[in-house]
Amino acid sequence: MQSYENSSETTFIGAKLRKGFEPILERYKEAYTTKEQMGTLTFSDLDVRLLPNACGSTDLAVVTGKFHLERSQKGEAKKDDGIFSLVWRKGPQGWKIILDHTS
């Protein structure tokens, strides 16, 4: 969750839409209750597109790719492979995810 912006506007789209840092955190806590269920997450086919604003500075990025979750146990979350698109915003705390669409 360190990569997500701690905001009521941060959005996760998966099987359901969740808006706000706390609802997203609760979803992760419910889906991955043990270290074995959390496993090790890896990414491939990453594509990063920086989006300059009208002034030419870059404070948004779109990242797409594939994920794979290697784990010994499954909990509520059954999916171990999929694709994602993320919107990142550069702010006072550095680059943070403001929109996560994972399927």
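Preceding this section is the structure that the text describes.
An account of the accompanying structure is given in this report. Given the structure is predicted, the values throughout are model-derived calculations rather than measurements. (Residues numbered from 1 in each chain as written. Predicted model: local features only at pLDDT ≥ 70, side-chain atom pairs only at ≥ 80, totals over all residues. Heavy atoms only, no water.)

**Some remarks on helix α1 (residues 21-31)**
Helical geometry: 3.6 residues make up each α-helical turn, so side chains three or four residues apart lie on a common side.
Then comes step 1: Considered for burial, the residues of α1 that qualify are Phe21, Ile24, Leu25, Arg27 and Ala31. An end-on view of α1 places all buried positions within 155 degrees of arc, on one side of the element.
Then comes step 2: On its buried face, α1 is in contact with β1 (11-13), β2 (17-19) and α2 (35-38). (Buried < 20%, exposed > 50% of the residue type's maximum accessible area, 1.4 Å probe, protein only. Helix = DSSP H or I, 4+ residues; strand = E, 2+ residues; numbered from the N terminus. Arc of directions from axis to C-beta. Contact = heavy atoms within 4.5 Å.)

**Description of the environment of Lys79**
Then comes step 1: For Lys79, the position within the fold is in the loop between β4 (58-70) and β5 (81-91).
Then comes step 2: On the basis of relative accessible area, Lys79 is assigned to the partly exposed category, the value being 46%.
Then comes step 3: Distance in space between the C-alpha atoms of Lys79 and Val63 is 20 Å, their sequence separation being 16 residues.
Then comes step 4: With sequence-adjacent residues up to four places away left out, Lys79 is seen in contact with Phe67, Leu69, Arg71 and Ser103.

**Details of the layout of surface pockets**
Then comes step 1: Its boundaries defined by the atoms lining it, the largest pocket holds a volume of some 1000 Å³.
Then comes step 2: Around the largest pocket, the lining comprises 35 residues; the ones closest to its centre are Phe12, Arg27, Tyr28, Tyr32 and Leu41.
Then comes step 3: Counting only elements with at least two residues in the lining of the largest pocket, the list comes to α1, β3 (40-52), β4, β5 and β6 (94-102).
Then comes step 4: Tallied by class, residues from the lining of the largest pocket come to 20 nonpolar, six polar and nine charged. (1 Å grid on protein atoms, 1.4 Å probe; cavity = no way out; pocket = protein on both sides within 12 Å on 5 of 7 lines; lining within 4 Å. Points joined across faces, edges and corners; volume = space filled by probe spheres on them. Nonpolar A, V, L, I, M, F, W, Y, C, P; charged D, E, K, R; others polar.)

**Observations regarding the sheet that holds β6**
Then comes step 1: Across the sheet, six strands lie side by side as β2-β1-β6-β5-β4-β3; this open sheet has mixed pairing. Where the open sheet ends on each side, the last strands, each with one partner, are β2 and β3. The mean angle between the axes of side-by-side strands here comes to 25 degrees, regardless of whether they run parallel or antiparallel.
Then comes step 2: Here β1 pairs with β2 via three bridges, running antiparallel. Its bridge partner being in β2, Ile13 is matched across the sheet by Leu17. (Pairing = 2+ DSSP bridges. Axes fitted to C-alpha atoms, helices over the stretch in contact; angles between N-to-C directions.)

On their own, these measurements won't tell you what the molecule is for.
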